[in-house]
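# A structural walkthrough
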Amino acid sequence: MRITFFSLACVASMVSATALAGTVQIFSPLATITARTYDAGGRLCNTNLTGSDVSGWLSGQADGWYTTTGNNDIRWGYASIDATAQSLSLPNMNGTAGVCAGQKLTVNGLDAYTDMTFSFTLTPPASTGSSYTWSLWYETTTGSTVQLAKESKGSFTTPWNVSYTVEGTQYAEMAQNGNGKMYVVLGSTGGPNGPTATITDLSLMATEAVVPEPAAATLGLLGFASLLMRRRRS
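Right, let's walk through the structure included here.

About the cut-offs
- Residues numbered from 1 in each chain as written.
- Predicted model: local features only at pLDDT ≥ 70, side-chain atom pairs only at ≥ 80, totals over all residues.
- Heavy atoms only, no water.
- Pairing = 2+ DSSP bridges.
- Helix = DSSP H or I, 4+ residues; strand = E, 2+ residues; numbered from the N terminus.
- Axes fitted to C-alpha atoms, helices over the stretch in contact; angles between N-to-C directions.
- Contact = heavy atoms within 4.5 Å.
- Phe/Tyr/Trp six-rings, centres within 6.5 Å; stacked < 30°, edge-to-face > 60°.
- Buried < 20%, exposed > 50% of the residue type's maximum accessible area, 1.4 Å probe, protein only.
- Lys NZ or Arg CZ within 6 Å of the ring centre and 35° of its normal.
- Core = buried A, V, L, I, M, F, W, Y, C linked by side-chain atoms within 4.5 Å.
- 1 Å grid on protein atoms, 1.4 Å probe; cavity = no way out; pocket = protein on both sides within 12 Å on 5 of 7 lines; lining within 4 Å.
- Points joined across faces, edges and corners; volume = space filled by probe spheres on them.
- Nonpolar A, V, L, I, M, F, W, Y, C, P; charged D, E, K, R; others polar.
- Disulfide = S-S within 2.5 Å.
- Salt bridge = Lys/Arg side-chain N within 4 Å of Asp/Glu carboxyl O.

### Here's the deal with the sheet that holds strand S9 (residues 145-154)
An order of S2-S3-S6-S11-S8-S9 is seen for the six strands of this open sheet, with the pairing classed as mixed. What marks the edges here is a single partner per strand, and that holds for strand S2 (33-35) and S9. The sheet shows a mean angle of 20° between the axes of neighbouring strands, taken without regard to direction. Across eight bridges, the pairing between strand S6 (residues 99-106) and strand S11 (residues 178-189) is antiparallel. Its bridge partner lying in S11, Lys104 is registered against Tyr183. Contacts from helix H2 (residues 51-58) reach strand S3 (64-67), S6, strand S8 (131-140), S9 and S11, with the element oriented near 75° to S6. With respect to the sheet, helix H3 (residues 168-177) is in contact with S8, S9 and S11, its orientation differing from that of S11 by roughly 120°.

Okay, here's the thing in structure tokens:
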């Protein structure tokens, strides 16, 4: 009976040696967006965009949100941020290469997390022929830009709810090979001039890795050692 009690105490001690995992928000609150033109042949705003397009537009910039401009002219339209509503607007620009918004962010200590979930809701204008694209990327220690996910959707009238989790092997590869730089690109193409899509609930949540608490881990080991000694005496 003593051994059973000690076994339970040992297990309890070892369970308490692990800290519960939590989630943290990686994105900062939406505040400002900077206009920066980049000639990628229209690819930045659709599913034909490449890692070279993304890095050419964003990699050398400070962390933050950026917008392309219709026909490389700010007067032709650009993405904008409403800091109060925490929303991002993407206008339709028919006859141009499209308009897109992108964020460059640096995540220190990728190995401190086990996965990341990117999500948002895009509400299109009432009448639109536009298509919308989102993509998620990271930069490696050798400077190449790797696509994590990419998706496009067109001619819809109800909100588009997106949620994508980078996990398992995909996250492990990013944690091992990434230099901490990540990129999000959201694009709008086609449609009549003027109507604007609204993006809300932009989020990048990371799950913290479970780590042993030093003091509790030591307690668990002592309990286990005591259990072994009692078994030997019996």
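After that view, the rundown keeps rolling.
### Observations concerning the packing of aromatic side chains
Counted under the stated rule, the structure contains nine aromatic pairs. With a centroid separation of 5.8 Å and 70° between ring planes, the pair formed by Phe156 and Trp160 is classed as edge-to-face. Summarising the burial analysis for this pair, Phe156 and Trp160 share the class buried. Ring-pair connections join several aromatic residues into one group, and the members of that group are Phe27, Trp65, Phe118, Phe120, Tyr132, Trp134, Phe156, Trp160 and Tyr164. Stacked on the ring of Phe156, the Lys or Arg Lys153 has its end atom at 4.9 Å from the ring centre.

### Some points on the nonpolar core
Membership of the largest hydrophobic core comes to 39 residues, with the highest contact counts inside it found for Met116, Phe118, Met182, Leu186 and Leu202. Apart from the residues lying within four places of it in its own chain, the contact partners of Met116 are Val107, Leu110, Tyr164, Thr165, Val166, Tyr171, Met174, Met182, Leu204, Met205 and Ala206.

### Digging into the layout of surface pockets
Within this model, the largest pocket holds a volume of roughly 210 Å³. What lines the largest pocket is a set of 17 residues, and nearest its centre among them are Ser28, Asp63, Gly64, Trp65 and Gln103. Among the elements of the structure, S3 and S6 are those that each provide at least two residues to the lining of the largest pocket. In terms of residue count, S6 provides more of the lining of the largest pocket than any other element does, four residues in total. Taken together, the residues of the lining of the largest pocket sort by class into nine nonpolar, six polar and two charged.

### Regarding the state of the cysteines
Within this structure, the stated rule accounts for zero disulfides. For Cys100, which is in no disulfide, the shortest distance to another cysteine sulfur is to Cys45 and amounts to 3.7 Å.

### With respect to the side chain of Gln103
Tracing the backbone through its elements, the reader meets Gln103 in strand S6. Once you skip the residues sitting within four places of it in the chain, Gln103 turns out to touch Phe27, Leu58, Gly64, Trp65, Met182, Tyr183 and Val184.

### Details of the pattern of salt bridges
Overall, the coordinates contain two salt bridges when judged by the stated rule. The partner of Asp53 in a salt bridge is Arg43, and the shortest N-O contact between them spans 2.8 Å. Placement of the pair is Asp53 in helix H2 and Arg43 in the loop between S2 and H2, with a sequence separation of ten residues. For Asp53, a relative accessible area of 3% translates into the label buried. Note that Glu139 and Lys181 form a salt bridge whose closest N and O atoms lie 3.8 Å from each other. Of this pair, Glu139 sits in strand S8 while Lys181 sits in strand S11, and the two are 42 residues apart along the sequence.

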